[in-house]
Amino acid sequence: MNTLEILFYALSALAIISAVMVLVSKNPIHSVLWLILVFFAISGHYILLNAQFLAIVNIIVYAGAIMVLFLFVMMLMNVKKDNEPQKQLWVKLIGVIAGGSFLTLLIALVKQNTSFQGRDVLLKDGNIGLIHPLGQALFTDYVVPFEISSVLFLSAMVGAVIIGKK
Amino acid sequence: MPIEYYIFLCLTLFSIGVIGVLTRRNAIIVFMCIELMLNAVNMLLVAFSKMNYAAAQAITPNTTAGIDAQIFVFFIMVVAAAEVSIGLAIIVMIYRNTHSIDINFLNRLKN
């Protein structure tokens, strides 16, 4: 087992354990902190895949901006852990069974599919994840969606202000 | 690293998100689980992009195959950022009206 595989398994275990802790923890603040850990693990995966630009953007946008927004809203609302409503036990059980069977079904489908067998992911090498090729593609082939996304941001900003003003 | 390992990892993360949406009643936690599902899909897209790149690189050495998937991931992040700002504004508005973020109170459309 070489270093890359050890890193893959360690990051995967970190991501899955933290994702489970997001659901399990009773305090919503702890859930946010565990979710930040998930995002860091996913960024580690991006670095392992040599998608450096996406790793940095993931940390800046998700762990930096979105999660801070979640924390702000949560602290504005003063959500205590004792007054958080809980679903009934059988509803939770049904949810876990439904999600688990969804996972089992998809894993069985992937295992059965022959087009994935023997296909390897290139770790650590390859330069398509660097800023230079990504920027070139973004500002030549994808320049129209890039401009449209600025309109999307403007409308999101206006919408958030209008919703929050009342 | 075989692509199946990445698929299994992302499926697990996605299913954890689905279970969270089905079992929690706190609207913010439900929203966070949706973010978790988005991230699982993003990671799968990047893994597939590197899989296609590995296949194309064997034929032509300096190819840019698979770069579209990474651009897609970038746009998914853009849309997710806009979506979170609107969604949290809606949750704050709900909290202001009902003094609770329990999603079971949001059944006014029913009657």
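What counts, and at which threshold
- Residues numbered from 1 in each chain as written.
- Chains lettered and ligands numbered in written order.
- Predicted model: local features only at pLDDT ≥ 70, side-chain atom pairs only at ≥ 80, totals over all residues.
- Heavy atoms only, no water.
- Helix = DSSP H or I, 4+ residues; strand = E, 2+ residues; numbered from the N terminus.
- Expected span 1.5 Å × (residues − 1).
- Bend = angle between axes of the 7 residues up to and from the residue.
- Phe/Tyr/Trp six-rings, centres within 6.5 Å; stacked < 30°, edge-to-face > 60°.
- Buried < 20%, exposed > 50% of the residue type's maximum accessible area, 1.4 Å probe, protein only.
- Domains from an automatic or database assignment.
- Contact = heavy atoms within 4.5 Å.
- Buried area = accessible area lost by both parts, 1.4 Å probe.
- Core = buried A, V, L, I, M, F, W, Y, C linked by side-chain atoms within 4.5 Å.
- Polar contact = N/O pair within 3.5 Å; in protein donor to acceptor, adjacent residues only side chain to side chain.
- Nonpolar A, V, L, I, M, F, W, Y, C, P; charged D, E, K, R; others polar.
- Axes fitted to C-alpha atoms, helices over the stretch in contact; angles between N-to-C directions.
- Parallel < 35°, antiparallel > 145°, perpendicular 65-115°, else oblique.

### Some thoughts on helix α3 (residues 52-77) of chain A
Residue and element names in this part refer to chain A.
And then number 1: The end-to-end C-alpha distance of α3 is 36 Å, a good match for the 38 Å that 26 residues give at a rise of 1.5 Å each.
And then number 2: When the local axis directions of α3 are compared, the greatest deviation, roughly 25°, occurs at Met67.
And then number 3: Trailing α3 by a residue or two, Asn78 shows a phi angle of about 55°, which is positive.

### Comments concerning the packing of aromatic side chains
And then number 1: Enumeration according to the criterion identifies 11 aromatic pairs over all chains in this entry.
And then number 2: Where Phe70(A) meets Phe31(B), the ring centres are 5.6 Å apart and the plane angle is 55°; that geometry is what we call tilted. Here Phe70(A), found in helix α3, pairs with Phe31(B), found in helix α2 (residues 27-57), and the two come from separate chains. Like Phe31(B), Phe70(A) is buried.
And then number 3: One aromatic cluster in this structure is built from Phe8(A), Tyr9(A), Tyr5(B) and Tyr6(B).

### Let's talk about unusual backbone geometry
And then number 1: A positive phi angle, close to 60°, is found at Asn50(A), a residue other than glycine.
And then number 2: By the secondary structure assignment, Asn50(A) is in the loop between α2 (28-48) and α3.

### Focus: the domain arrangement of chain A
All names here are of chain A.
And then number 1: Domains assigned within chain A are domain 1 (3-129) and domain 2 (130-166).
And then number 2: With 6 residues of domain 1 in contact, the opposing surface of domain 2 contributes 4 residues.
And then number 3: Between domain 1 and domain 2 the total buried area reaches about 460 Å² when both faces are included, carbon and sulfur atoms providing 73% of it.
And then number 4: The largest contributions to the domain 1 side of the interface with domain 2 come from Phe53, Asn127 and Gly129, which together make up 69% of the buried area.

### A few points about the nonpolar core
And then number 1: Judged by nonpolar contacts, the single largest core of 76 residues is most densely connected at Tyr46(A), Phe70(A), Tyr6(B) and Ile28(B).
And then number 2: Of all the secondary structure elements, the ones that give two or more residues to this core are α1 (3-24), α2, α3, α4 (89-112) and α5 (131-140) of chain A together with α1 (3-23), α2 and α3 (67-98) of chain B.
And then number 3: If you count residues domain by domain, this core takes at least three from each of domain 1 (3-129) and domain 2 (130-166) of chain A.

### Digging into the interface of chain A and chain B
And then number 1: Counting residues at the interface gives 82 residues for chain A, matched by 77 residues for chain B.
And then number 2: When residues of chain A are sorted by the area they lose upon contact with chain B, Leu23(A), Met77(A) and Ile128(A) head the list and together hold 10% of the total.
And then number 3: Counting across the interface, chain A meets chain B through 6 residue pairs in polar contact (both at pLDDT 80 or more).
And then number 4: The residue makeup of the side of chain A that touches chain B, split by class, is 55 nonpolar, 17 polar and 10 charged.

### Describing the environment of Ala19(A)
And then number 1: Relative to the elements of secondary structure, Ala19(A) occurs in helix α1.
And then number 2: Considered as a pair, Ala19(A) and Leu37(A) are 18 residues apart in the sequence and their alpha carbons are 8.5 Å apart.
And then number 3: Each residue touching Ala19(A), except ones within four places of it in the same chain, is listed here: Val38(A), Leu13(B), Ile16(B) and Leu36(B).

### Quick look at the packing of α3(A) against α2(B)
And then number 1: In contact at an axis separation of 12 Å, α3(A) and α2(B) are set at 175° when each is read in the N-to-C sense. What the angle tells us is that α3(A) and α2(B) run roughly antiparallel. In this structure, α3(A) contributes Leu54(A), Asn58(A), Tyr62(A), Ile66(A), Phe70(A), Val73(A), Met74(A) and Met77(A) to the contact, and α2(B) contributes Ile28(B), Phe31(B), Met32(B), Glu35(B), Leu38(B), Asn39(B), Asn42(B) and Val46(B).
And then number 2: Split by residue class, the contact of α3(A) with α2(B) holds 12 nonpolar, 3 polar and 1 charged.

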